[in-house]
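If you want the building blocks of each chain, they are given just below.
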Amino acid sequence: MATVPPDSLRDIFFEAEPDFSGEICHEATLGDLDEVAVDVFRKLWADDSGNNRIRNMSIEQIMTDCGAVINGEITYAALILFGKTTSLMRYLPQAEIIFEYRSSNAAGPAQHREEFRIGFFASYDKIWALINLRNDLQHYQMDFRCSEFLHSMSE
């Protein structure tokens, strides 16, 4: 069995960096979170888990339970997922979601571009609506047999 030299192990361990999104934004408060974004998340979580108790939780409780608030303090993940536009501009000015559609790989401007500078869950439905505009409806046959074939076989 080969062993990894201590210097190599040290280099491997130093490659791992802490997750920025889990760090606390000490200046942020619950007031920096968009209630609409929290409500979208609340509904999705309650529907997915089947736990209707989630629907009546306070914002503070739901944020704590999902790990977005730790010991009463707002994480950067909370701001990214639920932050108001003004809060993102203040604490994470580079945070944005950009939707672009191109029908080919050719260089040039996108045929459709929208920028979102609000928490993900406040823009979630709009982003999916933009994606679904580009999803073509395809019809296909589920079975290789057709009803006429089945009818003639039974005679």
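For clarity, every value in this text was computed on a predicted model and none was experimentally measured.

**Comments concerning unusual backbone geometry**
Right, on to step 1. The phi dihedral of N71 falls on the positive side, at around 50 degrees, and the residue is not glycine.
Right, on to step 2. Structurally, the position occupied by N71 is in the loop between β1 (69-70) and β2 (73-74).
Right, on to step 3. Taking the relative accessible area as the measure of exposure, N71 reaches 75% and is therefore exposed.

**Some remarks on the side chain of T75**
Right, on to step 1. Positionally, T75 belongs in the loop between β2 and α4 (76-82).
Right, on to step 2. By relative accessible area, T75 is classed as buried at 1%.
Right, on to step 3. Within polar-contact distance, the side chain of T75 engages the backbone oxygen of A68 at 2.7 Å.
Right, on to step 4. In this structure the side chain of T75 is engaged in a polar contact, spanning 3.1 Å, whose partner is the backbone nitrogen of A78.
Right, on to step 5. Discounting chain neighbours no more than four positions away, the residues touching T75 are S21, G22, E23, I24, C25, G67, A68 and I70.

Thresholds applied
- Residues numbered from 1 in each chain as written.
- Predicted model: local features only at pLDDT ≥ 70, side-chain atom pairs only at ≥ 80, totals over all residues.
- Heavy atoms only, no water.
- Helix = DSSP H or I, 4+ residues; strand = E, 2+ residues; numbered from the N terminus.
- Buried < 20%, exposed > 50% of the residue type's maximum accessible area, 1.4 Å probe, protein only.
- Polar contact = N/O pair within 3.5 Å; in protein donor to acceptor, adjacent residues only side chain to side chain.
- Contact = heavy atoms within 4.5 Å.

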